[in-house]
Amino acid sequence: MRGYFLESDADYLIFMDADMIFDPEIVNKLIKIAEKGYDVVYNGYLDRGNPNGINLTGFGGTLIKRWIMEKVKFRCKERRGRVIDEGVFFEFDLVRIGAKIFRGFISYSEHHDPKRPPSVCYPRELKLSERIRNNPYFRFLFHLISIPLCYDILWHLSMKLKT
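Residues numbered from 1 in each chain as written. Predicted model: local features only at pLDDT ≥ 70, side-chain atom pairs only at ≥ 80, totals over all residues. Heavy atoms only, no water.

Q: Please provide a residue-by-residue account of the pairing of strand 2 (residues 12-16), values included.
A: In terms of burial, strand 2 is a largely internal element, five of the five residues being buried. Of the two faces of strand 2, the one lined by Tyr-12, Ile-14 and Met-16 and the one lined by Leu-13 and Phe-15 are each fully buried. Sheet topology places strand 2 next to strand 7 (residues 62-65); four bridges connect them, and they run antiparallel. Residue pairing in the sheet places Ile-14 in a bridge with Leu-63 of strand 7. (Buried < 20%, exposed > 50% of the residue type's maximum accessible area, 1.4 Å probe, protein only. Helix = DSSP H or I, 4+ residues; strand = E, 2+ residues; numbered from the N terminus. Pairing = 2+ DSSP bridges.)

Structural data, given as C-alpha cells:
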C-alpha cells in the first residue's frame, strides 16, 4: 500500500494515495461526511488505465477515525502466489467491529499511471449497481469466503468484467 497518512485532527487519520491528485478541499469534504456519524469515509476513484474500473474501496482519499486504527490490524495473506491484501482484511474487520462506512464519489481525483493518461473522476451520486456492489454486508460475505481460500473473489470478478 503506497501513500501517506495525514493527521487532520486528533480523531481522524486521512490516507492519500501517492499516485493520485485530489481536489484541495478533499480533507474538508471527508471530515464533513464523518461528522454525520461515519467511522470510515471512502472517496471513490477510477482505477488507473481503466475508465470503467471504479474503485470505492481502495485507500485513495480515505478518512479513518482513530478508534478504528486502534482496533484493526493491517495484514495481508499470501498462499501459492495468491494474495488477500490489506484492503480486504480492513473491510472485513470494519463490519466485524460494527463501523459505520460511507462510500461515494465526493471529490475530484486523478489516478496516475506512468504508462497511461490519468483516470479522472468527478463527484457524483452512486448508481444502484454501485450501491449494491459496495454495500459493506454484501462485500463482507465475499470476504468471508475469500480469506480462507486466499482468493479475492470480488477482485477477480471485477477483472473479468473489465475485459
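Q: Any chance you could break down the environment of Ser-158 for me, citing the residues and the numbers?
A: As for its position among the elements, Ser-158 is in helix 6 (residues 153-162). Between the C-alpha atoms of Ser-158 and Asn-55, which are 103 residues apart in sequence, the distance is 9.8 Å.

Q: Would you mind going over the sheet that holds strand 12 (residues 116-121) in detail, with residue names and values included?
A: Taken together, the three strands give an open sheet; going across it, the order is 3-11-12, and neighbouring strands pair in antiparallel fashion. Two strands bound the open sheet, and with one partner strand each, they are strand 3 (20-22) and strand 12. Ignoring strand direction, the axes of neighbouring strands in this sheet form an average angle of 20 degrees. Two elements, strand 11 (residues 109-113) and strand 12, share four bridges in a ladder whose sense is antiparallel. By the bridge assignment, Ser-109 is partnered in strand 12 with Cys-121. (Axes fitted to C-alpha atoms, helices over the stretch in contact; angles between N-to-C directions.)

Q: Run through unusual backbone geometry, naming residues and quoting values.
A: Of note, Arg-80 is a non-glycine position whose phi angle comes to about 50 degrees, a positive value. Overall, the relative accessible area of 75% leaves Arg-80 in the exposed class. Despite not being glycine, Cys-150 has its phi angle at roughly 55 degrees, a positive value. The topology assignment puts Cys-150 in the loop between helix 5 (136-149) and helix 6.

Q: Would you mind going over the packing of aromatic side chains in detail, with residue names and values included?
A: All told, the structure shown has eight aromatic pairs when counted by the stated rule. A centroid spacing of 5.3 Å and a plane angle of 70 degrees characterise the contact between Tyr-38 and Phe-102, whose relative ring orientation is edge-to-face. Taken as a pair, Tyr-38 in the loop between helix 1 (26-34) and strand 4 (40-43) and Phe-102 in strand 10 (residues 101-104) lie far apart in primary sequence, 64 residues in all. Accessibility expressed as a relative area gives 22% for Phe-102, which makes it partly exposed. These aromatic residues form a ring-pair network of at least three members: Phe-15, Phe-59, Phe-74 and Phe-90. Stacked on the ring of Tyr-38, the Lys or Arg Lys-100 has its end atom at 4.7 Å from the ring centre. (Phe/Tyr/Trp six-rings, centres within 6.5 Å; stacked < 30°, edge-to-face > 60°. Lys NZ or Arg CZ within 6 Å of the ring centre and 35° of its normal.)

Q: Describe the side chain of Glu-91, with residues and values.
A: Topologically, Glu-91 is positioned in helix 3 (residues 86-96). Not counting chain neighbours up to four residues away, the residues in contact with Glu-91 comprise Tyr-42, Thr-57, Arg-103, Arg-139 and His-143. (Contact = heavy atoms within 4.5 Å.)

Q: Quick rundown of helix 5? Include the residues and the values.
A: Since one α-helical turn is 3.6 residues long, residues separated by three or four positions face the same way. Given a rise of 1.5 Å per residue, 14 residues ought to cover 20 Å, and the 20 Å separating the end C-alpha atoms of helix 5 matches this to within 8%. Listed in full, the buried residues belonging to helix 5 are Pro-136, Arg-139, Phe-140, His-143, Ser-146 and Ile-147. For helix 5, the capping residue at the N-terminal end is Asn-135, with a side-chain oxygen 2.8 Å from the backbone nitrogen of Tyr-137. Positive backbone phi, at 55 degrees, marks Cys-150, one or two positions downstream of helix 5. (Expected span 1.5 Å × (residues − 1). Polar contact = N/O pair within 3.5 Å; in protein donor to acceptor, adjacent residues only side chain to side chain.)

Q: Please set out helix 1 residue by residue, giving values where relevant.
A: Those residues of helix 1 lying buried are Ile-26, Leu-30, Ile-31, Ile-33 and Ala-34. Take helix 1 and look down its axis: the buried residues cluster within an arc of 160 degrees, on one side only. (Arc of directions from axis to C-beta.)

So far we have only geometry, and geometry alone does not tell us how the molecule works.
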